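Geometric and topological summary
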Amino acid sequence: MLNKIYLEFSDIYQNAKYEVLISPPIAFRIGEMNQDLEKLFIDEAVETAALITACNPKGIKHCHDENHIAMGDLKFSLNGMKLPFLPASGSDPKGAWKEESYFILGITKDEAEALGRQFQQNAFVWIETGHAPRLVWP
C-alpha cells in the first residue's frame, strides 16, 4: 500500500512549498538546506522539528469544516504532549492547493510518526539541525 501512496503523492509533496507562518515567514523546500530554519532551531534551543497537518487524511480532499475540526484535534494532541508549535502550511507552488499545518519544535521522529499515523497522513516533513528537510512516510 505504501508504494501506491508513495507513487501517487511523492512528486506532489516533494515539490510543495512549505512555510512556517511567523514574522517574517520562513519558506523552505524538501532537500534544500535553509539558514532561517537553522536560526529558528538555535533561537528555540531545539534540534528537531516536524511539519504535520491533519487536513485531508490519506490524501483525500475533505471539506473546510472537517479539516478545521481535524486541525483542532491535532492542536489538542500537541498541547497534551506539551510540545511548542507554530502555524505553518504546505502548498502547491502553482496555488492549486494549500493545507494548514503545524511546525512542531523539539518533537522526536517517533512522536511525529505516531501523529502522522493518528491523523492518517501519507507523509510529513522531518527536519534535523544541520540537515535538509525531508519527507517521512509513517
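The structure we're discussing is the one just above.
First things first, this report covers the structure right here in the doc. Bear in mind that the values here come from a model prediction, so they are computed numbers and not experimental data.

The subject of this paragraph is the layout of surface pockets. Summary: where empty space remains is shown by rolling a probe the size of a single water molecule over the atoms. Estimated volume of the largest pocket: approximately 600 Å³. Lining the largest pocket are 29 residues; nearest its centre among them are Cys55, Asn56, Trp97, Lys98 and Glu99. Of all the secondary-structure elements, those providing two or more residues to the lining of the largest pocket are helix H1 (2-14), strand E3 (48-52), helix H3 (64-81), strand E5 (98-105) and strand E6 (124-128). Ranked by residues supplied to the lining of the largest pocket, first place goes to E5 with four residues. Here the lining of the largest pocket is composed, by residue class, of 14 nonpolar, eleven polar and four charged.

Following the criterion strictly, the structure yields two salt bridges and no others. When the shortest N-O distance is used, the salt bridge between Lys39 and Asp43 registers 2.8 Å. In this pair, Lys39 and Asp43 are both assigned in helix H2 (residues 35-44), four residues apart and thus about one turn of the helix distant. A relative accessible area of 49% places Lys39 in the partly exposed class. Its salt-bridge partner being Glu113, residue Lys109 comes within 3.7 Å of it at the nearest N-O pair. Placement of both Lys109 and Glu113 in helix H4 (residues 109-118) is noted, with a separation of four residues, approximately one turn of the helix. Glu113 gets classed as buried once you look at its relative accessible area, which sits at 18%.

The terminal C-alpha atoms of H3 lie 26 Å apart, and with 18 residues this matches the ideal 26 Å at 1.5 Å per residue to within 8%. Considered for burial, the residues of H3 that qualify are Asn67, Ala70, Met71, Leu74, Ser77 and Leu78. End-on, the buried residues of H3 take up no more than an arc of 115°, which puts them together on one face. Opposite its buried face, H3 presents the exposed residues Asp65, His68, Ile69, Phe76 and Gly80, each directed more than 90 degrees away. Those residues of H3 that are buried lie in contact with E3, strand E4 (85-91), E5 and H4. With its phi angle positive at about 60°, Lys82 sits one or two positions after the end of H3.

Parameters at a glance
- Residues numbered from 1 in each chain as written.
- Predicted model: local features only at pLDDT ≥ 70, side-chain atom pairs only at ≥ 80, totals over all residues.
- Heavy atoms only, no water.
- 1 Å grid on protein atoms, 1.4 Å probe; cavity = no way out; pocket = protein on both sides within 12 Å on 5 of 7 lines; lining within 4 Å.
- Points joined across faces, edges and corners; volume = space filled by probe spheres on them.
- Helix = DSSP H or I, 4+ residues; strand = E, 2+ residues; numbered from the N terminus.
- Nonpolar A, V, L, I, M, F, W, Y, C, P; charged D, E, K, R; others polar.
- Salt bridge = Lys/Arg side-chain N within 4 Å of Asp/Glu carboxyl O.
- Buried < 20%, exposed > 50% of the residue type's maximum accessible area, 1.4 Å probe, protein only.
- Expected span 1.5 Å × (residues − 1).
- Arc of directions from axis to C-beta.
- Contact = heavy atoms within 4.5 Å.

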